[in-house]
Amino acid sequence: MPHLDVADLLRGVGLRVTRPRVAVLEALERLPHADTGDVIDAARRDVPDVSHQAVYDSLAALTEAGLVRRIQPHGHTARYERRVGDNHHHVVCRTCGTIADVDCATGEAPCLVPSQDHGFVIDEAEVIFWGTCPACASGASAATPRDPQTPAPA
């Protein structure tokens, strides 16, 4: 994984460089599709005294600035990722909740063309594919659906 210069990233979007923001960005670089609890745990490895609120505030600021993407498949907790700006999609396992990236089929936004745009200028399409991951399909993991509010493995 190439070195991530988070200070330059933060300054480049007009954000102050703070320990919580750096810890959150570095955590998401290691943990794609992490939920808030996973981000808090990972950030605390680097900044042990970081508060829940500082992580929530950092996630909000980083998402607003476009450095982080928030995704929330129906029935699941919100997840965050560093992969932004490329119009990729996601596939979600109905059994265990694992999420994986799916590259855009056409390679550029909006990737899909709606049958009716209702006068909107479409600049993005978000698709979530649903199915069963290889581990669940082979019976390697619990074959019962998990509670959607319980964080799934990233």
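Please refer to the structure placed before this passage.
Presented here is an overview of the structure given in this document.

What counts and how
Residues numbered from 1 in each chain as written. Predicted model: local features only at pLDDT ≥ 70, side-chain atom pairs only at ≥ 80, totals over all residues. Heavy atoms only, no water. Helix = DSSP H or I, 4+ residues; strand = E, 2+ residues; numbered from the N terminus. Core = buried A, V, L, I, M, F, W, Y, C linked by side-chain atoms within 4.5 Å. Buried < 20%, exposed > 50% of the residue type's maximum accessible area, 1.4 Å probe, protein only. Contact = heavy atoms within 4.5 Å.

Phi angles above zero are rare outside glycine, and His33 is one such case at about 65°. Along the polypeptide, His33 turns up in the loop between helix 2 (19–30) and helix 3 (36–46). The backbone of His118 shows a phi angle near 55°, a positive value even though the residue is not glycine. Relative to the elements of secondary structure, His118 occurs in the loop between strand 4 (99–102) and strand 5 (128–131).

A word on the nonpolar core. With 22 residues, the main nonpolar core has Leu28, Val55 and Leu62 as its most contacted residues. Among the elements of the structure, helix 1 (6–12), helix 2, helix 3 and helix 4 (52–64) are those that each provide at least two residues to this core. Among the elements that take part in this core, helix 2 stands out by supplying five residues, more than any other. Excluding its chain neighbours within four sequence positions, the residues that come into contact with Leu28 are Ala34, Val39, Leu59, Val68, Tyr80, Glu81 and Arg82.

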